[in-house]
Amino acid sequence: MENIVLVGFMGTGKSTVGRALAAKLNWTYVDLDRRIAEREGRSIPELFRTKGEAYFRDVESALLAELLGQQRQVIATGGGAVLRPANVTAMLQGGLVVALFADEAEIVRRVSSDAGRPLLAGDPAARVKALLQERAGAYDFAPLKIDTTAKQVETIVAEIAAKMVEHVPFRTD
Ligand code: S3P
């Protein structure tokens, strides 16, 4: 189970941090959304539009389970991957789960320039507010929790790298 699984609400920095952390560890970086889009041959918004969210969630769960059978990956999951209890169990068994958090205002700022999130279509600020309420506590199962608000990527990566050695099976002692 030598994987790092990044979870967190949209815009908390999972992809940016994941890429930098994988580079530091010399592990493979995997963006779960990108894998879903590749496998399905269409973008995430297109997948939601044509097949619906339930279908997207099925593919997300299947790919996540597949990925967790491999080692030495930093996996950036989509913000809703934690909504299915089976995914949570698989993540906890397959790696060290690290939850990233950010203040609501910072999340809104980060997601506003990106039209690739179907669940935020319309009024992103209002959607972020509603979904944050709906998902309150959904990321708290992670043994490692990091607030990314106003932090540099390098600081966050260093924090995760320092803390991961405290967790089985990354212990070096
Ligand atoms: C979602 C988050 C997105 C993507 C999809 C659904 C969610 O990923 O998986 O649009 O339900 O929170 P990011 O968290 O990378 O934006």
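For the structure itself, look to the data block above.
Note that the structure is a prediction, hence the values are computed from the model and not measured.

S.K.: Looking at this structure, I do not really get the nonpolar core. What am I missing?
M.R.: It is characteristic of soluble globular proteins that their nonpolar side chains tend to be buried jointly. With 34 residues, the main nonpolar core has Val7, Phe9, Met10, Ile36, Met91 and Val128 as its most contacted residues. Where this core is concerned, the elements lending two or more residues are β1 (3-8), α2 (32-40), α3 (44-51), α4 (53-67), α5 (85-94), β4 (96-101), α6 (104-111) and α7 (124-134). At 5 residues, α4 tops the list of elements feeding residues into this core. Not counting chain neighbours up to four residues away, the residues in contact with Ile36 comprise Ile44, Leu47, Phe56, Val59, Glu60 and Leu63. Among the nonpolar cores identified, the runner-up in size contains 17 residues, and Leu96, Leu100, Ile156 and Val157 belong to it.

S.K.: Sorry if this is basic, but what is going on with the side chain of Lys14 here?
M.R.: Assignment of secondary structure puts Lys14 in helix α1 (residues 14-25). One buried charged residue, Lys14, remains without a salt bridge, the closest side chain of opposite sign being Asp33 at 7.1 Å. Among the polar contacts listed, one links the side chain of Lys14 to the backbone oxygen of Gly8, at a separation of 2.9 Å. Apart from the residues within four sequence positions on either side, Lys14 is in contact with Leu6, Val7, Gly8, Phe9, Ala76, Thr77, Gly78, Gly79 and Leu100.

So, how was this worked out
- Residues numbered from 1 in each chain as written.
- Predicted model: local features only at pLDDT ≥ 70, side-chain atom pairs only at ≥ 80, totals over all residues.
- Heavy atoms only, no water.
- Core = buried A, V, L, I, M, F, W, Y, C linked by side-chain atoms within 4.5 Å.
- Buried < 20%, exposed > 50% of the residue type's maximum accessible area, 1.4 Å probe, protein only.
- Helix = DSSP H or I, 4+ residues; strand = E, 2+ residues; numbered from the N terminus.
- Contact = heavy atoms within 4.5 Å.
- Lys, Arg positive; Asp, Glu negative; His and termini not counted.
- Salt bridge = Lys/Arg side-chain N within 4 Å of Asp/Glu carboxyl O.
- Polar contact = N/O pair within 3.5 Å; in protein donor to acceptor, adjacent residues only side chain to side chain.

So far we have only geometry, and geometry alone does not tell us how the molecule works.
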